[in-house]
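# Commentary on secondary and tertiary structure
Okay, here's what each chain looks like letter by letter:
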Amino acid sequence: MEINKETLFPFIIFNKEIEYNQYITLYPIKMKDIITFQQYQPVLVLRKDSIFKDKHIIKMDYLDFIKFACRNTELAENYNMPLLPFYYDFALGILGLSCGKNAEIKYNNSTLEFSINGFEITNKVFNDLRKIIIIQNDIDFDINEFMNIDTVNALEKARAFEARKNKEKADIEDYIDSLIIDMKVTEEYVANLTARKFWRYIKRINQHDEYQACRSGQMSGMVTFKEPLKHWMTSIETTGRYEDLKTDESELRSKIG
């Protein structure tokens, strides 16, 4: 089965676990584990082929690179990425969270080979698990896309500048508090929500409030809009910020030979 949003949709809409094979089952991350998950998340979204210029690194499979970077302080210093030597640990940590507390993860300190419940994790298996975790937890990242890192950095700086101009700031606790008040639920309820559903609820509530405000203004005759109002029940999916900059990973690899 091809791993994408369409094929996994029947599982993710109701927060079901996804059975990869008889040895490995992946569970959606719950809000009670969100801080730990966010600490490990960089290992899922590293733009290896954008950041690292060496051809031999670009040609590496993703898991092989994570092993290559493990404890590699020289590489980390060269690219000013102090946490890079710990990405292997992040990978084990994020798989531990996703596979559940009963999963047995064993690894070899020398070879860095590892297994889950006795099943060896190869490059292909890791890529599959990485895809599933990203989709299952609604992380805005496509592992097959490539962007020029200089362009990405410039756009991210511009976005950060815009964010600093906005005086209204909120952290994860603020969002949790807001959801509890709006939905009239308990902290325990939110703690057991999956992260994907939590953020969907936050976006839906925001979309509802914006629609209601705009609709009220429109009905009063005080406000008019050039385009029809987007109903609050319509899709909350957003298009990628860098859609025009994307290229497929296979296209990149064909260029470097």
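Here, the structure is the one placed above.
What counts and how
Residues numbered from 1 in each chain as written. Predicted model: local features only at pLDDT ≥ 70, side-chain atom pairs only at ≥ 80, totals over all residues. Heavy atoms only, no water. Patch = residues over 30% accessible without salt bridge, like charges linked within 9 Å, V, L, I, M, F, W, Y side chains within 5 Å. Areas by Shrake-Rupley, 256 points an atom, 1.4 Å probe, with all protein chains shown as cover. Salt bridge = Lys/Arg side-chain N within 4 Å of Asp/Glu carboxyl O. Helix = DSSP H or I, 4+ residues; strand = E, 2+ residues; numbered from the N terminus. Buried < 20%, exposed > 50% of the residue type's maximum accessible area, 1.4 Å probe, protein only. Polar contact = N/O pair within 3.5 Å; in protein donor to acceptor, adjacent residues only side chain to side chain. Contact = heavy atoms within 4.5 Å. Axes fitted to C-alpha atoms, helices over the stretch in contact; angles between N-to-C directions. Parallel < 35°, antiparallel > 145°, perpendicular 65-115°, else oblique. Left-handed = near helix turned anticlockwise from the far one by under 90°. Nonpolar A, V, L, I, M, F, W, Y, C, P; charged D, E, K, R; others polar. 1 Å grid on protein atoms, 1.4 Å probe; cavity = no way out; pocket = protein on both sides within 12 Å on 5 of 7 lines; lining within 4 Å. Points joined across faces, edges and corners; volume = space filled by probe spheres on them. Pairing = 2+ DSSP bridges. Core = buried A, V, L, I, M, F, W, Y, C linked by side-chain atoms within 4.5 Å. Phe/Tyr/Trp six-rings, centres within 6.5 Å; stacked < 30°, edge-to-face > 60°. Lys NZ or Arg CZ within 6 Å of the ring centre and 35° of its normal.

## Thoughts on a nonpolar patch on the surface
On the surface, a cluster of nonpolar side chains totalling about 300 Å² of accessible area is made up of Met222, Val223 and Phe225. Mapped onto the elements, Val223 comes out in the loop between helix H12 (195-220) and strand E7 (247-248).

## What about the pattern of salt bridges?
For the structure shown, the criterion picks out 5 salt bridges. Between Glu113 and Lys67 there is a salt bridge; the shortest N-O distance is 3.2 Å. Of this pair, Glu113 sits in the loop between strand E3 (105-107) and strand E4 (114-116) while Lys67 sits in helix H5 (residues 62-69), and the two are 46 residues apart along the sequence. Take Glu113: its relative accessible area is 35%, and that puts it in the partly exposed class. Residue Arg71 pairs with Asp89 through a salt bridge whose shortest N-O separation is 2.8 Å.

## A few points about the side chain of Thr194
Note on placement: Thr194 falls in the loop between helix H11 (187-191) and H12. Of note is the side chain of Thr194, whose polar atom sits 2.9 Å from the side chain of Asn15. Aside from chain neighbours lying at most four places away, what touches Thr194 is Asn15, Pro28, Ile29, Lys30 and Met31.

## Description of the packing of helix H10 (residues 172-183) against H12
Where H10 meets H12, the closest approach of the two axes is 11 Å, and the angle between their N-to-C directions is 65 degrees. Regarding the angle of H10 to H12, the classification is roughly perpendicular. Here H10 runs over H12; the crossing is left-handed. On H12, the residues touching Ile172, Tyr175, Ile176, Leu179, Asp182 and Met183 of H10 are Phe198, Trp199, Tyr201, Ile202 and Ile205. For the contact of H10 with H12, the per-class residue count stands at 10 nonpolar, no polar and 1 charged.

## Looking at the side chain of Asp49
Within the secondary structure layout, Asp49 lies in helix H3 (residues 48-51). Looking at Asp49, its side chain comes within polar contact range of the side chain of Lys48, at 2.7 Å.

## Looking at empty space enclosed by the protein
Here the structure, examined in full by the defined rule, presents 1 cavity of 30 Å³ or more. There is about 30 Å³ of room inside the largest cavity. In terms of lining, the largest cavity is formed by Phe11, Ile12, Asn15, Lys16, Pro28, Gln136 and Arg196. Here the lining of the largest cavity is built from residues that sort into 3 nonpolar, 2 polar and 2 charged.

## A word on the sheet that holds E4
Pairing in this open sheet of 3 strands is antiparallel, and the strands run E3-E4-E5 from one edge to the other. At either end of the open sheet lies a strand with only one pairing partner, and these are E3 and strand E5 (119-120).

## Remarks on the nonpolar core
Judged by nonpolar contacts, the single largest core of 59 residues is most densely connected at Leu46, Phe52, Phe65, Leu84 and Ile121. Of the residues forming this core, the biggest block, 8 residues, is contributed by helix H7 (residues 87-99). Residues within four places of Leu46 in sequence aside, it is in contact with Ile51, Phe52, Tyr62, Phe65, Met81, Leu84, Tyr87, Arg130 and Phe141.

## Describing the packing of aromatic side chains
Here the structure, examined in full by the defined rule, presents 10 aromatic pairs. Judged by centre distance (5.4 Å) and plane angle (20 degrees), the rings of Tyr23 and Phe119 are stacked. Of this pair, Tyr23 sits in the loop between strand E1 (18-19) and strand E2 (25-26) while Phe119 sits in strand E5, placing them 96 residues apart in sequence. Looking at Tyr23, the relative accessible area reads 37%, which means it is partly exposed. The class for Phe119 is partly exposed, based on a relative accessible area of 24%. Of the aromatic side chains, those joined through ring pairs into one cluster are Phe52, Phe65, Phe68 and Tyr79. We note Arg130 situated over the ring of Tyr62; from NZ or CZ to the ring centre the distance is 3.6 Å.

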